[in-house]
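# Coordinate inspection notes
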Amino acid sequence: MRALTLVADRKIELREVDPPPAPAAGEVQIAIKAIGLNHIDVWGWRGMAFAKRKLPLVVGAEAAGEIRAVGPGVAGFKTGDPVVAYGALTCGTCKACREGRDNLCENVGGIMGFHVDGFARDLVNMPARLVVPVPAGVAFRDAACAPVAFATVQHMLFDNAKLEPGESILVQAGGSGIGTVAIKMAKAIGCTVITTVGDDEKAAKAKALGADHVINYKTERFEGVVRKLTGKKGVDVAFEHVGPDTFNGSLFSLKRGGRLVTCGSTSGQSTTLNLFQLFQQQYRIFGSFGASLRNIRESLDKMAAGLLPVIDTEVPLAEFERGLARLESRQVFGKIIVTF
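In this text, all values refer to a predicted model and were calculated from it rather than measured experimentally.

## Concerning the overall build of the protein chain
The secondary structure content of the protein chain amounts to 11 helices and 16 strands. In terms of C-alpha radius of gyration, the protein chain reaches 20 Å, essentially the compact-globule figure of 20 Å for 340 residues. Counting only C-alpha atoms, the protein chain reaches 60 × 40 × 35 Å along its principal axes. Looking at the protein chain residue by residue over its 340 residues, the buried ones come to 52%. In the protein chain, once contacts between residues fewer than 6 apart in sequence are set aside, the share between residues at least 24 apart is 69%. Considering the protein chain, the positive charge centre built from 40 side chains and the negative charge centre built from 34 side chains are found 5 Å apart.

See the structure below:
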């Protein structure tokens, strides 16, 4: 059985490994068909001081596949069913898990492909409670974007920021995997979307996705443009995941009482805040990480209804590192998919 294995920082090998045993009680065995790449894959590949793990480690945090075998006591799945799997080993028993807030599990065993062995292998056994059926008609390459990219945005926009039809939203890095999803989800409910990109080619693509206004942040100060576009009022919601390079500008782009939601910080870990501005303008800031199983189901339902991810590139399993390098270079528009 093949497994893509991180053996050292920036060094991945495609290895032959023993296949997993037959699924135990409460488990299913999944034949992986496609993997979606995310920045967490890049961070793991580079090497992160806070990642408590042991190498070698099988990579891959987001995937889709089909049921190969079903363990004793499992109902609702059969051989051949298309599925996706949750990307973290939650306990299923703590208060957060019982309430369906899976991403706040108090006893999480690690993130797949980052702390513990991930999905970049031909076969993997998973607890059936962490596996979600894929609706008919949704391709594996699209479904592979549901557990992280789609579900993260679903959680950010609708659980946290409470985005409502007709509101205005600033989407940072609109050409990224989650940025493209945010544009499409916001437009689907009739929002006015302003987005930032790093070049004119991406600007044209973002406009084609439905963005109402596109700002090249390398040639214009986006916060000034946002204030001008909104008659100096600002937007209702700012969708953040860039970090220090854009965070304060995103806050300045908000209207009084506006909401900022962030799930990442790709440009660094720390920033400073003007506290007077924060409380005088009554901003609301939401930290958002991952998603719930419910969010994954909601995301798959949106795909089944026709709201599909933007795919930048598909690469074969053996070229996983090429996909990571492209993602790291920030030249992508949409998602990179690894196929089996």
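## Description of the sheet that holds strand β11 (residues 213-216)
Across the sheet, which stays open at both edges, the 6 strands sit in the order β11-β10-β9-β12-β13-β14 with parallel pairing between neighbours. Each of the sheet's edge strands pairs with one partner strand only, and the pair in question is β11 and β14 (284-287). Ignoring strand direction, the axes of neighbouring strands in this sheet form an average angle of 15°. Sheet topology places strand β9 (residues 168-171) next to strand β12 (residues 235-240); 3 bridges connect them, and they run parallel. What sits directly across from I169, in β12, is V237. Packing against the sheet, helix α4 (residues 146-160) makes contact with β9, β12, β13 (254-262) and β14, and its axis sits at approximately 150° to β12.

## Thoughts on the environment of H115
By the element assignment, H115 lies in the loop between α2 (95-98) and β7 (123-127). Separated by 98 residues in the primary sequence, H115 and V17 have C-alpha atoms spaced 19 Å apart. Engagement of the side chain of H115 in a polar contact is seen with the backbone nitrogen of I111, the distance being 2.9 Å.

## Describing the pattern of salt bridges
Evaluated as defined, the whole model comprises 21 salt bridges. A salt bridge links K187 to D212, with the shortest nitrogen-to-oxygen separation between them at 3.0 Å. Highlighted residues: K187 in helix α5 (residues 177-188) and D212 in the loop between α6 (200-209) and β11, separated in sequence by 25 residues. Taking relative accessible area as the criterion, D212 reaches 26% and is therefore assigned partly exposed. Notably, a salt bridge pairs R294 with E298, separated by 2.9 Å at the nearest N-O pair. Pair noted here: R294 and E298 are both in helix α10 (residues 293-304), with a separation of 4 residues, about one helical turn. By relative accessible area, which is 24% here, E298 ends up partly exposed.

## Topic: the packing of aromatic side chains
Considering all chains together, one arrives at 1 aromatic pair under this definition. For the cation-ring pair, R53 lies above F114, with the distance from its terminal atom to the ring centre recorded as 5.6 Å.

## Notes on the packing of α4 against α5
In a packed pair of helices, the relevant descriptors are the angle between the two axes and the axis-to-axis distance. For the pair α4 and α5, the least separation of the axes is 9 Å and the interaxial angle reads 50°. In terms of orientation, α4 and α5 fall into the oblique class. Taken as a pair, α4 and α5 cross one another with a handedness that is right-handed. On α5, the residues touching A149, F150, V153, Q154, L157 and F158 of α4 are I178, V181, A182 and M185.

## Things to note about α10
Each turn of an α-helix holds 3.6 residues, which means side chains three or four residues apart point in the same direction. Between its first and last C-alpha atoms α10 spans 17 Å; for 12 residues at 1.5 Å apiece the expected length is 16 Å, and the two agree. Every buried residue of α10 is listed here: L293, N295, I296, S299, L300 and M303. All buried residues of α10 project into a common sector of 155° when viewed along the axis, lining one side. Considering only its buried residues, α10 is in contact with β6 (82-85), β8 (131-133), α3 (140-143) and α4. Note on α10: the residue one or two positions beyond its end, G306, has a positive phi of about 115°.

Procedures and definitions
- Residues numbered from 1 in each chain as written.
- Predicted model: local features only at pLDDT ≥ 70, side-chain atom pairs only at ≥ 80, totals over all residues.
- Heavy atoms only, no water.
- Helix = DSSP H or I, 4+ residues; strand = E, 2+ residues; numbered from the N terminus.
- Rg over C-alpha atoms; globule rule 2.2 N^0.38 Å.
- Buried < 20%, exposed > 50% of the residue type's maximum accessible area, 1.4 Å probe, protein only.
- Contact = heavy atoms within 4.5 Å.
- Lys, Arg positive; Asp, Glu negative; His and termini not counted.
- Charge placed at Lys NZ, Arg CZ, Asp CG, Glu CD.
- Pairing = 2+ DSSP bridges.
- Axes fitted to C-alpha atoms, helices over the stretch in contact; angles between N-to-C directions.
- Polar contact = N/O pair within 3.5 Å; in protein donor to acceptor, adjacent residues only side chain to side chain.
- Salt bridge = Lys/Arg side-chain N within 4 Å of Asp/Glu carboxyl O.
- Phe/Tyr/Trp six-rings, centres within 6.5 Å; stacked < 30°, edge-to-face > 60°.
- Lys NZ or Arg CZ within 6 Å of the ring centre and 35° of its normal.
- Parallel < 35°, antiparallel > 145°, perpendicular 65-115°, else oblique.
- Left-handed = near helix turned anticlockwise from the far one by under 90°.
- Expected span 1.5 Å × (residues − 1).
- Arc of directions from axis to C-beta.

Purely spatial values, then, with no claim about function.
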